[in-house]
Amino acid sequence: MSERALKILVVTLNTIGLFGFLAWLIYSRERIFYTQEGVLYFLPCLPFFFVYFFVLRNPQPAEDTDYDPDAPDAMRKD
């Protein structure tokens, strides 16, 4: 499985999970916005957004810090 296909699969499953949780929350609780602890019902949504941020980020290419162009050949790390 390619990396792109895996990302699409993870994002799709994450979206289904998020919408499933929100549907369960909407249809199982009444008037959650009218209580002080109503916001606590939405806290389990945060891990879904962390998955989105992790999967959809663009990582920077790693720098090679071991290479020194001025070092003699015997001292270079390969």
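Everything here concerns the structure above.
These figures come from a predicted structure and were not determined experimentally.

S.K.: Can you break down helix α1 (residues 3-28) residue by residue, with the values?
M.R.: Between the first and last C-alpha of α1 there are 37 Å, a value that for 26 residues agrees with the 38 Å anticipated at 1.5 Å per step. On its buried face, α1 sits against α2 (46-56).

S.K.: Which residues make up the nonpolar core, and what values go with them?
M.R.: If you look at the biggest cluster of nonpolar residues, it comprises seven residues: L18, F21, L25, I32, C45, F48 and Y52. Among the secondary structure elements, those contributing two or more residues to this core are α1 and α2. Setting aside anything within four residues of it in sequence, one finds L25 in contact with I32, Y41 and F42.

S.K.: Talk me through the side chain of N14; I want residue IDs and the actual numbers.
M.R.: Mapped onto the secondary structure, N14 falls in helix α1. Ignoring anything within four residues of it in the chain, the contact list for N14 reads F48, V51 and Y52.

S.K.: So what's going on with the pattern of salt bridges? Which residues, and what values?
M.R.: Per the stated rule, a full pass over the model turns up one salt bridge. Across the pair K7 and E3 runs a salt bridge, and its minimum N-O distance is 3.8 Å. Taken together, the positions of K7 and E3, both in helix α1 and four residues apart, correspond to about one turn of that helix.

S.K.: Can you break down the packing of aromatic side chains residue by residue, with the values?
M.R.: In total, this model carries two aromatic pairs according to the counting rule given. Ring geometry for F21 and W24: centres 5.8 Å apart, planes at 35°, overall tilted. Taken together, the positions of F21 and W24, both in helix α1 and three residues apart, correspond to about one turn of that helix. By relative accessible area, F21 is classed as buried at 16%.

S.K.: A description of the environment of M1 should follow, citing residues and the corresponding values.
M.R.: Mapped onto the elements, M1 comes out in the segment before α1. The residues touching M1, leaving out its near neighbours within four places in the chain, are L6 and L9.

Cut-offs and rules
Residues numbered from 1 in each chain as written. Predicted model: local features only at pLDDT ≥ 70, side-chain atom pairs only at ≥ 80, totals over all residues. Heavy atoms only, no water. Helix = DSSP H or I, 4+ residues; strand = E, 2+ residues; numbered from the N terminus. Expected span 1.5 Å × (residues − 1). Contact = heavy atoms within 4.5 Å. Core = buried A, V, L, I, M, F, W, Y, C linked by side-chain atoms within 4.5 Å. Buried < 20%, exposed > 50% of the residue type's maximum accessible area, 1.4 Å probe, protein only. Salt bridge = Lys/Arg side-chain N within 4 Å of Asp/Glu carboxyl O. Phe/Tyr/Trp six-rings, centres within 6.5 Å; stacked < 30°, edge-to-face > 60°.

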